[in-house]
Amino acid sequence: MNPWMDVRIWSKLPERLLDRVIALLPPPAFFRARSVCKRWYGLLFCSNFLELYMQISPCRHWFLFLKNKPLKSYIYRANTTTSGGGGGRTNCEGYLFDPYDISWYRLSFNLVPPGFYPASSSGLTVSPTSIDVTVAGDDMISPYAVKNLTTESFHIDAGGFYSIWGATSSLPRLCSLESGRMIYVDGKFYCMNYSPFSVLAYDMAANKWFKIQAPMRRFLRSPGLVESRGKLVLVAAVEKTKLNVPKSLRLWGLQDCGTTWVEIERMPLQLYMQFAQLEGGNGFDSVGHGEFIVIMIRGTDKGLLFDICRKRWQWIPACPYLGCDNNGEGVELRGLAYEPRLATPVISLLS
């Protein structure tokens, strides 16, 4: 018998030590362990265990993928299409990807209101004790009129303080929010600006928007912003067709000064050739979480995983829960950063 699994050792461990071991399990392992006995089954509803869990459970940088629909900078977006049944609850299904074990899980959203679907975690930051929401957009009076871009913000914390929705600073001239995704890093929200490429930044403490020039902006394709280990990273393909520079996919990190970019990684040439062949000029989307960055090819369910710490690229295996759409073609996935947790204290702020 393996001494590490000796029943004479484990059967005599105090419950408080067993609870610490269970609290360190990954969520899939925890839910499997609940079938062992009644006590373990009830841990999910035990406030003392959940408090311990929130104190010692490590962060796990997973990803949530959804079947692609038009994405805007808010948490839920109304579904304008209706089905024959009408009035029924939206059947929203997500797909969790664990980059540590390279495994997939299926997740259903049972509480999404009818006519809505999860779109993005953009413009939202949640800590154990507070929620901050920032929404930016234009007045949509006419597609031909000058856009009046403004920002509204909301804050609530565990101390009982909250600020009602209120207009904040206006956005700089000649900017757009076409990317539809905001990234939060160290007190600031960032968003890609198109035509020409640049980065919009909103400092929450100073209530101020400003622009950051993008690196090699005249030669970028499908640029996207991701958060990785507390840093802002720009991911884009570089195509300098008129110069003696090979096409590539590169990553730049924004330095502490807030205006300078430094190249931190370049996809190996052979891998990029495979990627470019599959991508076919259709573009790609990027999402980061912790030490991982996922790059998904638009119009497909194919993507690459990059581990920043290990400097390792690998193809993501196909999700086994995906079928085909009505035309028999593959399903396109859009990813969001997701941390699987049994509980979070911020839920009490919403009651």
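Going along each chain's sequence as written, the residues are numbered from 1 onward. Residue-level local features of this predicted model are given only where pLDDT is at least 70; pairs of side-chain atoms are given and counted only at 80 or more, and the full residue set underlies all totals for whole chains, interfaces and linings. As a rule here, side-chain values come from all non-hydrogen atoms in the structure, and water together with hydrogens is ignored.

- As annotated in an unreviewed UniProt entry, the protein carries the name F-box domain-containing protein and is attributed to Hibiscus sabdariffa.

1. Some points on the pairing of strand S3 (residues 92-98)
And step 1. To sort residues, take the accessible area from a 1.4 Å probe on protein chains only and compare it with the maximum for the residue type: under 20% means buried, over 50% means exposed, and anything in between is partly exposed. Under the scheme used here, helices are H or I runs from DSSP no shorter than 4 residues and strands are E runs no shorter than 2 residues, and both carry numbers assigned from the N terminus. Buried residues dominate S3, accounting for six of its seven residues.
And step 2. At least two DSSP bridges between two strands are needed for those strands to be called paired. In the sheet, strand S1 (residues 62-67) pairs with S3 via three bridges, with the strands oriented antiparallel. Its bridge partner lying in S3, Phe63 is registered against Phe97.

2. Some thoughts on unusual backbone geometry
And step 1. Even without glycine at this site, Ile102 takes up a positive phi of about 50°.
And step 2. By the secondary structure assignment, Ile102 is in the loop between S3 and strand S4 (103-109).
And step 3. Positive phi outside glycine occurs at Arg229, with the angle close to 55°.
And step 4. Mapped onto the secondary structure, Arg229 falls in the loop between strand S14 (220-228) and strand S15 (231-238).

3. Some remarks on the pattern of salt bridges
And step 1. Within this document, salt bridges are pairs made up of a side-chain nitrogen of Lys or Arg and a carboxyl oxygen of Asp or Glu, the two lying within 4 Å of each other. Evaluated as defined, the whole model comprises twelve salt bridges.
And step 2. Measuring nitrogen to oxygen at the nearest pair gives 3.3 Å for the salt bridge that ties Arg39 to Glu15. Of this pair, Arg39 sits in helix H4 (residues 38-42) while Glu15 sits in helix H2 (residues 15-23); the two residues are 24 residues apart in sequence, bridging distant segments of the chain.
And step 3. By relative accessible area, Arg39 is classed as partly exposed at 31%.

4. A word on the side chain of Ser222
And step 1. Tracing the backbone through its elements, the reader meets Ser222 in strand S14.
And step 2. The exposure class assigned to Ser222 is buried, which follows from its relative accessible area of 13%.
And step 3. A distance of 3.4 Å separates a polar side-chain atom of Ser222 from the backbone nitrogen of Phe284.
And step 4. Dropping the residues within four chain positions of it, Ser222 is found in contact with Val235, Ala236, Gly283, Phe284 and Arg298. Whenever two N or O atoms come within 3.5 Å, that pair is a polar contact, provided that in protein one can donate a hydrogen and the other can accept it, and provided that, for residues adjacent in sequence, both atoms are side-chain atoms. Throughout, a residue-residue contact means that at least one pair of heavy atoms, one from each residue, lies within 4.5 Å.

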